[in-house]
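Structural description and commentary
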Amino acid sequence: MPSFSPQSRAALLALPLMLLAAQAGAHTGEGINTGFASGFWHPILGWDHVVAMVAVGLWGAFLGSPSIWILPVVFPLVMAVGGAMGVVGMPLPAVETGIALSGVILGLLIAFAVRAPIWVAAVIVGVFAIFHGHAHGTELPEAFSPYGYAVGFVVGTGLLHMIGIAFGFLTKSEIGKTAVRGAGGVIALVGAAFLFGLA
């Protein structure tokens, strides 16, 4: 019976949360009746958002401190700006393409263990956050408060980042590093499926 480090146990405990999100399957938030709840579930119920946001946490964990904490803070902050752009109707070209590319590129960065300087990593994450935020903002249900919705999707995004960070702790071992890089490959494939209209 293998023994697991506390970080590995945390990553394994996060797995049911990801599976629960996958079971939800929908992306519309149908039946959700508050702005906060709608915003919270929106990133969690869409695979295109899930893979990118988990990837941010994974890549941050792979890069180590301070990236492990900076990247998951940069993403929701910049995403909120993109969300505000979407709410006020400011156009942004190729939003769905940008979201799909976020999965492809972040997944490949993890798969190839790319160790970018912190400022480069933050810029990459921030650019993709604009697209994700804009999508959330334009899909804001008219009946709900944009403030509650914005807080909800930032919190939901933070949860997905934490799941990525938890799995990222597996990089403490060589086997774990291989597993995380493999997860990056899967994320890139999921992103490619959205990019080419296969998902």
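Notes on the structure follow. (Residues numbered from 1 in each chain as written. Predicted model: local features only at pLDDT ≥ 70, side-chain atom pairs only at ≥ 80, totals over all residues. Heavy atoms only, no water.)

**Brief notes about a nonpolar patch on the surface**
To be explicit about the condition: Patch definition: residues with relative accessible area over 30% and no salt bridge; like charges joined within 9 Å; nonpolar side chains (Val, Leu, Ile, Met, Phe, Trp, Tyr) joined within 5 Å. Here, Shrake-Rupley sampling with a 1.4 Å probe gives the accessible areas, and only protein chains in the shown set may cover a residue. Any Lys or Arg side-chain nitrogen found within 4 Å of a carboxyl oxygen on Asp or Glu counts as a salt bridge. Put simply, DSSP marks the helices as runs of H or I at least four residues long and the strands as runs of E at least two long, and each gets a number from the N terminus on. Partly exposed describes any residue whose relative accessible area lies between the buried limit of under 20% and the exposed limit of over 50%, with all areas from a 1.4 Å probe on protein chains only and scaled to the type maximum.
A cluster of nonpolar residues, Ile70, Ile118, Trp119, Val123 and Val127, forms a patch on the protein surface that exposes about 460 Å² of accessible area. Counting residues per element, the nonpolar patch draws most heavily on helix H6 (residues 118-138), which supplies four residues. Looking at the secondary structure, you find Trp119 in helix H6. A relative accessible area of 61% places Trp119 in the exposed class.

**Examining the nonpolar core**
Here is the rule: For this analysis, a nonpolar core means a set of buried residues of the types Ala, Val, Leu, Ile, Met, Phe, Trp, Tyr and Cys, connected via side-chain atoms within 4.5 Å. Any two residues whose heavy atoms approach within 4.5 Å at even a single point are treated as in contact.
Formed by 34 residues in total, the largest nonpolar core has its most connected members in Leu58, Trp59, Leu71, Phe75, Leu106, Val125 and Leu160. Listing elements by their share of this core, those giving two or more residues are helix H2 (35-44), helix H3 (47-63), helix H4 (67-87), helix H5 (95-111), H6, helix H7 (146-168) and helix H8 (174-195). Ranked by residues supplied to this core, first place goes to H3 with 10 residues. Not counting residues within four places of it along the chain, the set of residues in contact with Leu58 comprises Ile110, Gly164, Ile165, Phe167, Gly168, Val180, Ala183 and Ile187.

**Things to note about the side chain of His161**
If you trace the backbone, His161 turns up in helix H7. Apart from the residues lying within four places of it in its own chain, the contact partners of His161 are Met53, Val56, Gly57, Pro72, Phe75 and Pro76.

**Thoughts on the side chain of His134**
With respect to the helices, strands and loops of the structure, His134 is situated in helix H6. According to the relative accessible area criterion, His134 is buried, its value standing at 6%. With residues up to four places along the chain from it excluded, the contact list for His134 reads Gly82, Gly83, Met85, Gly86, Met90, Pro91, Leu92 and Val95.

**Let's talk about the pattern of salt bridges**
Under the defined criterion, the tally for this structure stands at one salt bridge. A salt bridge links Glu174 to Lys177; the nearest nitrogen and oxygen atoms lie 3.4 Å apart. Taken as a pair, Glu174 and Lys177 lie in helix H8 at a separation of three residues, close to a single helical turn. Its relative accessible area of 57% is what places Glu174 among the exposed residues.

**Comments concerning H5**
Let me state the cut-off plainly: Given the number of residues in a helix, its expected span is that number minus one, multiplied by 1.5 Å.
Here H5 is 17 residues long and its end C-alpha atoms lie 24 Å apart, about the 24 Å a rise of 1.5 Å per residue gives. Here H5 lies mainly inside the structure; 12 of its 17 residues are buried. Listing the buried residues of H5 in full gives Val95, Gly98, Ile99, Ala100, Ser102, Gly103, Val104, Leu106, Gly107, Leu109, Ile110 and Ala111. Summarising the contacts, the buried residues of H5 are in contact with H3, H6 and H8.

**Some remarks on unusual backbone geometry**
With an omega of 5 degrees, the peptide bond running from Ser65 to Pro66 counts as cis. A positive phi angle, near 50 degrees, is found at Ala113, a position not held by glycine. Within the fold, Ala113 resides in the loop between H5 and H6.

**Comments concerning the packing of H3 against H4**
To keep it simple, the criterion reads: Here, axes are lines fitted to C-alpha atoms. For helices the fit covers the stretch in contact, and angles between N-to-C directions go from 0 to 180 degrees. In these notes the angle categories are as follows: under 35 degrees is roughly parallel, over 145 is roughly antiparallel, 65 to 115 is roughly perpendicular, and the rest is oblique. Each crossing is labelled by how the near helix is turned from the far one, with a counterclockwise turn of less than a right angle marking it left-handed and a clockwise turn marking it right-handed.
Contact geometry of H3 with H4 gives a least axis separation of 7 Å together with a crossing angle of 150 degrees. As far as their axial angle goes, H4 and H3 are roughly antiparallel. Of the two possible hands of crossing, H3 and H4 adopt the one that is right-handed. Of H4, the residues touching H3 (which contributes Met53, Val56, Trp59, Gly60, Ala61 and Leu63) are Ser67, Ile68, Leu71, Pro72, Phe75 and Met79.

**Quick notes on H8**
Here H8 spans 31 Å end to end across 22 residues, near enough to the 32 Å set by a 1.5 Å rise per residue. Looking at H8, one finds that the buried residues are Gly176, Val180, Gly184, Ile187, Ala188, Gly191 and Ala193. Of the surrounding elements, those touching the buried residues of H8 are H3, H5 and H7. Note on H8: the residue one or two positions beyond its end, Gly197, has a positive phi of about 75 degrees.

**Here we look at the packing of aromatic side chains**
Test applied: Geometry of aromatic contacts follows a simple scheme: Phe, Tyr and Trp rings, the Trp one being its six-membered ring, pair when their centres are within 6.5 Å, and the pair is stacked under 30 degrees between planes, edge-to-face over 60, tilted otherwise.
Applying the stated criterion to the full structure yields three aromatic pairs. Where Phe36 meets Phe40, the ring centres are 6.2 Å apart and the plane angle is 15 degrees; that geometry is what we call stacked. Placement of both Phe36 and Phe40 in helix H2 is noted, with a separation of four residues, approximately one turn of the helix. Each ring, one from Phe40 and one from Trp41, has its centre 5.2 Å from the other, and the planes form 90 degrees; the classification is edge-to-face. Its relative accessible area of 34% is what places Trp41 among the partly exposed residues. Taken together, the ring pairs connect Phe36, Phe40 and Trp41 into an aromatic cluster.

Purely spatial values, then, with no claim about function.
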